[in-house]
Amino acid sequence: MPTYKYEAAYASGERVSGVVEAASEHEAVAQIRQTCEVVLSLKVIPAQGANPLDRFQKIDAKSLALTCQQFAIILKAGLPLVQTVDLAAGQSSDKLLRSILRQVSEDIANGWSLSYSLEQRGSRLPVTFRETIRAGEESGDLLSAFQRMAVYYDRTAKTHAKTVSTLTYPAFVMVVAVVVVGIIMGYAVPAFTNTFDSLGLELPWITEALIGVSSFFNKYFLVILAALAGVILALWAYSRTEQGGLQMSRLRLGLPIVGEIGRMAGASQFAHTMSAMLSAGMPILQAIETSGRAVSSRCMAREVLDTVSGVESGRSLGDSMAGARELPPMLVEMTAVGESAGALESTLEVLAEYYDNEVDVRTQRALALLEPAIICVLAVVVVFILMAVYLPMFNMYSAI
C-alpha cells in the first residue's frame, strides 16, 4: 500500500504535516480530513525496493516473454486480474520480476489499475512493456497486448542469444591470446634476456625490439593499467551526459561495418516497437515517444523523438522523419509509403523482419571475416616472438 506525505491545516489556521498509508489519493485525503479540515498538499512517497542491488539488475527478454505468455494463457482462461498476476508472479524464475509482480498484485487488490501500478513499481521494466499494457488496458484488450509482447520479447531473446553464441568463440580466442602473450612478455622474455646477456651475444633488431617492449610493459604495467582504467571511466562518465551520449552514439554509428549493423538494429527496434504500440491501439504521438525511448542508439532515439513536434503540428510521420541523418533512408521512405496507404502497422512489421534479417546476415558476415583476421594477427605475433627468440640462437650456433 502506498505512503503519502501531506501538509494540512486546522480550522484555526495552524499547519501540520505527516504521512499516511492509503490505497488511493482519495482515501488518503479522507483519512487526513478526519483530523484536519483543509488538505494543502499530498505527495506519494516512492516505494523503496527490498534489495538495494535491484537497480543494478536487468530483467532479460526471455523472462519477459515467458511472463507475457503466462499472462495471455491465464487471462484467456477468464481468471480475475489479481489472481492472474499472482499466478504469473509465482511462475516467474526472475527474482526481480517476481518481486515487482507481487507488489503489483497487492496494488490491484487495493484498487489500482495494472498500468498505474506498473508505472509506480516497474521502473526496471522496459518502457515498451509498461506502455503496451497501458494501451491494452485503455483499449479494453489486455489479452492481445500480452500476446503481442510475448511474440516481441521472444524474438528479442532469440536474437540476443544468437548474437552471444556467435560472439563467444572470437571473444574466447582473443582472451586466451591476450593471456598467453602477457605470460610470454612478462615471464618468458625476461628469462631469455638474462640468458642472452650472460652469453654476451650481439642481438638482432627484432630481439632488441621484443626485449624493449617486454621491459616497457613490465616496468610501467600498473601505470598503463591505471591510465587505461582512467580513460574508460572518463569515457563512461562523458557518455552519461546528454551531449556526450549523443556524441558517442554518433561515433559508434560512424564506424565501418559495426556502425551499419547498429543502425539497422536501431531501425529494427523502432519498427518492432512502433508496430506493437499501434497494434495495441496507442495514439500515434504516444507510440512515437515510446518507440523513441525503446531505441538503444541515443542519436537515433533523439531523431525519432524530434518527429513528435512535426506530427503535433499536422505533418505526417514520414515527412517529419525526412530530415533525419542517422535513420536508414529505406525506413523513412517505407514509413511514408505505409502511412499514405493507411497500412503503417503492417508496413512496420515487414520492415522489422527485414532489418532483423539484415542484422543477422551482416553480423554473420562480419564474424566470418573477424575469425581469420584474429588468426592472422595471432600468427604475426607468434612469428615475431619466435624469430626474436630463435635468431640469436641460430647466430650463436653458426659462430661455433
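Keep in mind that this is a model prediction, so the values were computed, not measured. Residue numbers run consecutively from 1 along every chain, following the written order of its sequence. Reporting in this predicted model follows two pLDDT cut-offs: at least 70 for local features of residues, and 80 or more for side-chain atom pairs to be given and counted; totals over whole chains, interfaces and linings ignore these cut-offs and use all residues. Only hydrogens and water are removed before side-chain values are computed, so all heavy atoms of the structure are retained for them.

Draft legend 1. Expanded view of a nonpolar patch on the surface. A cluster of nonpolar side chains, contributed by Val 213, Phe 216, Phe 217, Tyr 220, Val 223 and Ile 224, occupies part of the molecular surface with about 500 Å² of accessible area. With respect to the helices, strands and loops of the structure, Phe 216 is situated in helix 8 (residues 205-239). Two distance rules govern patches: like charges are joined within 9 Å, and nonpolar side chains (Val, Leu, Ile, Met, Phe, Trp, Tyr) within 5 Å, applied only to residues with over 30% relative accessible area and no salt bridge. In short, Shrake-Rupley with a 1.4 Å probe defines the accessible areas, and a residue's cover is counted only from the protein chains shown. Whenever a carboxyl oxygen of Asp or Glu lies within 4 Å of a side-chain nitrogen of Lys or Arg, that contact is scored as a salt bridge. Note on conventions: DSSP H or I runs of at least 4 residues are helices, E runs of at least 2 residues are strands, and numbering of each starts at the N terminus.

Draft legend 2. The arrangement of the packing of aromatic side chains in detail. Stacked, tilted and edge-to-face are the three classes assigned to paired rings of Phe, Tyr and Trp, where Trp is represented by its six-membered ring and a pair needs centres within 6.5 Å; plane angles under 30 degrees give stacked, over 60 edge-to-face, the rest tilted. Within this structure, the stated rule accounts for seven aromatic pairs. When the ring of Phe 71 is compared with that of Phe 146, the centres are 4.4 Å apart and the planes differ by 5°; the resulting orientation is stacked. Placement of the pair is Phe 71 in helix 2 (residues 61-76) and Phe 146 in helix 7 (residues 142-199), with a sequence separation of 75 residues. Accessibility classification places Phe 71 together with Phe 146 in one group, the buried group. Measuring from centroid to centroid gives 5.1 Å for Tyr 354 and Tyr 355, while their planes differ by 70°, and the two rings are edge-to-face. Remark: exposure states derive from per-residue accessible area (1.4 Å probe, protein chains only) relative to the maximum for the residue type, with buried under 20%, exposed over 50%, and partly exposed in between. Under the relative-accessibility criterion, Tyr 354 is labelled partly exposed at 32%.

Draft legend 3. Structural detail: unusual backbone geometry. In this structure, Ile 257 takes a positive phi of about 65° despite not being glycine. Structurally, Ile 257 can be placed in the loop between helix 9 (242-253) and helix 10 (258-279).

Draft legend 4. Seen up close, the confidence of the model for the chain. A residue-level look at the chain finds 93% of positions with pLDDT of 70 or above and a mean pLDDT of 83. Across the chain, each position has a pLDDT score giving the predictor's confidence in that residue, from 0 to 100. By mean pLDDT, the top-scoring element of the chain is helix 14 (residues 329-340) (91), and the lowest-scoring one is strand 2 (residues 15-21) (73).

Draft legend 5. Examining the nonpolar core more closely. Counting 34 residues, the largest nonpolar core has Phe 270, Met 274, Leu 331 and Leu 348 as its most contacted members. Within the residue set of this core, elements represented by two or more residues are helix 9, helix 10, helix 11 (284-294), helix 12 (298-312), helix 13 (317-321), helix 14 and helix 15 (344-399). Pairs of residues are marked as contacts when any of their non-hydrogen atoms sit within 4.5 Å. Excluding residues within four positions of it along the chain, Phe 270 makes contact with Ser 291, Val 295, Val 304, Met 321, Leu 331 and Leu 348. Counting residues in hydrophobic clusters, the runner-up holds 29 residues, among them Ala 72, Ala 88, Tyr 152 and Ala 157. For our purposes a nonpolar core is just a set of buried Ala, Val, Leu, Ile, Met, Phe, Trp, Tyr and Cys residues, chained together by side-chain atoms within 4.5 Å.

Draft legend 6. Highlighting the side chain of Arg 121. Structurally, the position occupied by Arg 121 is in helix 5 (residues 114-121). Whenever a nitrogen or oxygen atom comes within 3.5 Å of another N or O atom, the pair is scored as a polar contact, on the condition that within protein one atom can donate a hydrogen and the other can accept it, and that pairs from neighbouring residues in sequence are kept only if both atoms are in side chains. There is a polar contact of 2.8 Å between the side chain of Arg 121 and the side chain of Asp 107.

Draft legend 7. Looking closely at the layout of surface pockets. Here the term cavity refers to a set of points on a 1 Å grid, laid over the protein atoms alone, in which a 1.4 Å probe fits but cannot get out; the term pocket refers to an open set having protein on both sides within 12 Å along at least five of seven lines, with lining residues being those that place an atom within 4 Å of a point. Grid points are joined across faces, edges and corners, and a volume is the space filled by probe spheres set on the points. The computed volume of the largest pocket comes to approximately 2000 Å³. Together, 48 residues line the largest pocket, and Lys 58, Thr 156, His 160, Gln 269 and Ser 296 are the ones closest to its centre. Mapped by element, the contributors of at least two residues to the lining of the largest pocket are helix 2, helix 6 (127-139), helix 7, helix 9, helix 10, helix 11 and helix 15. The element that contributes the greatest number of residues to the lining of the largest pocket is helix 7, accounting for 10 residues. Residue polarity follows a fixed list, in which Ala, Val, Leu, Ile, Met, Phe, Trp, Tyr, Cys and Pro are nonpolar, Asp, Glu, Lys and Arg are charged, and the others, Gly among them, are polar. Its residues assigned to classes, the lining of the largest pocket comprises 22 nonpolar, 16 polar and 10 charged.

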